[in-house]
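Each chain is listed here by its residues.
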Amino acid sequence: MSIWSVLGIEPTDDLSDIKRAYARKLKTARPDRDPQGYQRLREAFEGAKLAAEISAQNNFIEEFEATEDATSSPWKMQIHVEPLTQNTPVIDTSLEQEIRLTDTVTDIINGLMDDETEGLKRLRSTLSGDVLQNLRLREVFSQELAAQLCEREGLYSALLMKVSEVMGWEIEHYQPEGISSQRLAALHDQIEKTGANYYWSQLAKKYQGSALDRQRLRLLTVEGARLPWWAKWIPDFLTPLNKELSHIRMHFPSLLPRVNSQLVNSLAETRLALTWGTVFLTGFWLVLIMLGTHDDPNRWRDRIALILLVGIFIQGYSLLEQRLRYRQGIMVMIESGCSLLAMAVLVRILLGFFETFKPDAGNLQMAVTNYGVLSVVGFFVLWMMAPKKWKWYAVPLNAMVMLVSFPWYLMARASGMAGVVTFVLLVGIYSLLIAFGIR
């Protein structure tokens, strides 16, 4: 093996790189544990150091000769360079101190990972010791501490902040003190890696409650696992997988290579998946429509119209939005058309309300004037009440979607006796809306 293979680095004349490589290898080739390995490492280090010195001397001679040839001075000085002795160089005391500091840093980091309080206590004690009163050794210690933390799995943000406070790195600044911005970026990468590994390990615990949960875990983590045909028809089976994938993409993108690519493709291609919200709202509105039109002379005509209307606002619009989300022009036309339809339904409910509770005002004619006035007034009322994120032309549409979907959002937060009372009240209120609408 060459000296560079023993040191584990590429050939270089940088003495600091050679020293760092020697210090790293010395951890596994101690004289008391592996005498032969230590002797081999020592010889490799001495050879690399000698090669670096020879290279530095040759570079100096070449630069001097090039400069002298360029000047062409008649008064050329004869430079005599003593050849380097072939005696084995002795490792200086400063290098031995740096090696001991490397071991000290490793012990401190091990202590920080085992017991944060004791590790910080030892770090403060080491900084206040006699050895680190030497500014050069203190700088070596600081850089080595940052370098080893960059490579230590399990580093978390709170620990880095406390170490930074002790060391005076001031990592909250764009330009930190004591370490480079590149080293700070490496530290943050290690923190992100620690968080990602912890999140990934928690998935195995999170999805162990039932057979469906274990199936979700398999689909998420086993490469090549295919989505079964029945997955779309189990209410909310795919919802947790979509949430986990979105969370990973947003917070832990480094985990994406571990996610089953087959699942990612299947979720991207799935447009319709059953949810408990869809099941509840479908059953809720079917029951209401059947009960609300029981005495209607044109019950089947009105039932079909109401089912189509509710279906549009429960599921139909969301499907169109998924399929046409990249075609903004068509989506604007669809949202505007659905808003007009929603406004017409809301006005029809208001007209039915007026006819029921204000008969003395005369019969309101279902004319363009009545629909126009109520539509304009109703639109501005909804627009003033709507959240800012709603587009102005989609305000009636969003209001109708909320009106149709509200029973599920309310029932999802109710439980026990409160859930029963809430359900009865919802049935009564929405039955009146249907009655007003078909009057």
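Remember, it's a predicted structure, so these values are computed and weren't measured experimentally. (Residues numbered from 1 in each chain as written. Predicted model: local features only at pLDDT ≥ 70, side-chain atom pairs only at ≥ 80, totals over all residues. Heavy atoms only, no water.)

Enquirer: Describe the overall build of the protein, and please don't skip the residues or the numbers.
Expert: A count of helices and strands for the protein gives 17 helices and zero strands. Counting all 439 residues of the protein, 34% fall into the buried class. Approximately 26900 Å² of the protein is accessible, and the part contributed by carbon and sulfur atoms is 59%. (Helix = DSSP H or I, 4+ residues; strand = E, 2+ residues; numbered from the N terminus. Buried < 20%, exposed > 50% of the residue type's maximum accessible area, 1.4 Å probe, protein only. Areas by Shrake-Rupley, 256 points an atom, 1.4 Å probe, with all protein chains shown as cover.)

Enquirer: Any chance you could break down the pattern of salt bridges for me, citing the residues and the numbers?
Expert: A side chain of one charge can pair with a side chain of the opposite charge if their charged atoms are brought near each other. Evaluated as defined, the whole model comprises six salt bridges. Between lysine 206 and glutamate 244 there is a salt bridge, and its shortest N-O distance comes to 2.5 Å. Residue lysine 206 is located in helix α8 (residues 181–206), and its partner glutamate 244 is located in helix α10 (residues 239–251); the two are separated by 38 residues in the primary sequence. Using a relative accessible area of 52% as the deciding quantity, one classes lysine 206 as exposed. Residue glutamate 244 is classed as buried on the basis of its relative accessible area, which comes to 4%. Salt-bridge contacts for arginine 216 lead to aspartate 213; the nearest nitrogen and oxygen are separated by 2.7 Å. Here arginine 216 pairs with aspartate 213, and both are found in helix α9 (residues 211–221), just three residues apart, close to one helical turn. The exposure class of arginine 216 is buried, given its relative accessible area of 8%. (Salt bridge = Lys/Arg side-chain N within 4 Å of Asp/Glu carboxyl O.)

Enquirer: So, the packing of helix α5 (residues 116–127) against helix α7 (residues 157–167): which residues are in play, and what are the values?
Expert: Remark: α5 packs on α7, axes separated minimally by 10 Å, with the N-to-C direction vectors making an angle of 20°. Classified by the angle their axes make, α5 and α7 are roughly parallel. In this structure, the crossing between α5 and α7 has a hand that is right-handed. Within the contact between the two elements, α5 uses Glu116, Leu120, Leu123, Arg124 and Leu127 and α7 uses Leu159, Lys162, Val163, Val166 and Met167. Along the lines of polarity and charge, the residues of the contact of α5 with α7 split into seven nonpolar, no polar and three charged. (Axes fitted to C-alpha atoms, helices over the stretch in contact; angles between N-to-C directions. Parallel < 35°, antiparallel > 145°, perpendicular 65-115°, else oblique. Left-handed = near helix turned anticlockwise from the far one by under 90°. Contact = heavy atoms within 4.5 Å. Nonpolar A, V, L, I, M, F, W, Y, C, P; charged D, E, K, R; others polar.)

Enquirer: Help me get a handle on unusual backbone geometry, residues and values and all.
Expert: Unlike most non-glycine residues, aspartate 236 shows phi in positive territory, near 60°. You can call aspartate 236 partly exposed: its relative accessible area is 22%.

Enquirer: Give me helix α2 (residues 15–26): which residues, what numbers.
Expert: The terminal C-alpha atoms of α2, which comprises 12 residues, lie 16 Å apart, in line with the 16 Å expected from a rise of 1.5 Å per residue. Taken residue by residue, α2 has Ile18, Lys19, Ala21, Tyr22, Ala23 and Leu26 as its buried positions. (Expected span 1.5 Å × (residues − 1).)

Enquirer: I'd like to hear about the packing of aromatic side chains, residue by residue, with values.
Expert: Tallied over the full model, the rule gives 10 aromatic pairs. Summarising the aromatic geometry, the rings of phenylalanine 280 and tryptophan 408 are spaced 5.7 Å apart at their centres and angled 45° between planes, so their arrangement reads as tilted. Within this pair, whereas phenylalanine 280 is found in helix α12 (residues 276–292), its partner tryptophan 408 is found in helix α16 (residues 395–411), the two being separated by 128 residues in sequence. For tryptophan 408, a relative accessible area of 26% translates into the label partly exposed. (Phe/Tyr/Trp six-rings, centres within 6.5 Å; stacked < 30°, edge-to-face > 60°.)

Enquirer: Residue-level account of α12, with values.
Expert: Think of an α-helix as turning once every 3.6 residues; residues three or four places apart then point the same way. Between the first and last C-alpha of α12 there are 24 Å, a value that for 17 residues agrees with the 24 Å anticipated at 1.5 Å per step. Every buried residue of α12 is accounted for by Gly277, Thr278, Leu281, Phe284, Trp285, Leu288 and Ile289. End-on, the buried residues of α12 take up no more than an arc of 140°, which puts them together on one face. (Arc of directions from axis to C-beta.)

Enquirer: Got a sec to walk through a nonpolar patch on the surface? Specific residues and values, please.
Expert: Together, Val376, Val377, Phe380, Val381, Trp383, Met384, Met385 and Trp392 line one region of the surface with nonpolar side chains, adding up to about 920 Å² of accessible area. The topology assignment puts methionine 384 in helix α15 (residues 368–385). Here methionine 384 falls in the exposed class, since its relative accessible area comes to 63%. (Patch = residues over 30% accessible without salt bridge, like charges linked within 9 Å, V, L, I, M, F, W, Y side chains within 5 Å.)

Enquirer: I'd like to hear about the packing of α8 against α9, residue by residue, with values.
Expert: At their nearest, the axes of α8 and α9 sit 9 Å apart, and the two run at 150° to each other. Comparing their axes, α9 and α8 come out roughly antiparallel. Contact residues: α8 offers Trp200, Leu203 and Ala204, while α9 offers Leu217, Leu220 and Thr221. Across the contact of α8 with α9, the residue classes tally to five nonpolar, one polar and no charged.

Enquirer: Please provide a residue-by-residue account of the environment of leucine 145, values included.
Expert: Among the secondary structure elements, leucine 145 is positioned in helix α6 (residues 135–151). Each C-alpha atom, one on leucine 145 and one on valine 163, is 9.6 Å from the other, the two residues being 18 residues apart in sequence. When residues no more than four places from it in sequence are discounted, the contact partners of leucine 145 are Val105, Ile109, Leu123, Val163, Met167 and Trp169.

Enquirer: Tell me about the environment of proline 176, residues and numbers included.
Expert: Looking at the secondary structure, you find proline 176 in the loop between α7 and α8. For proline 176, the residues in contact, after removing those within four places along its chain, are Trp169, Glu170, Ile171, Ser181 and Leu184.

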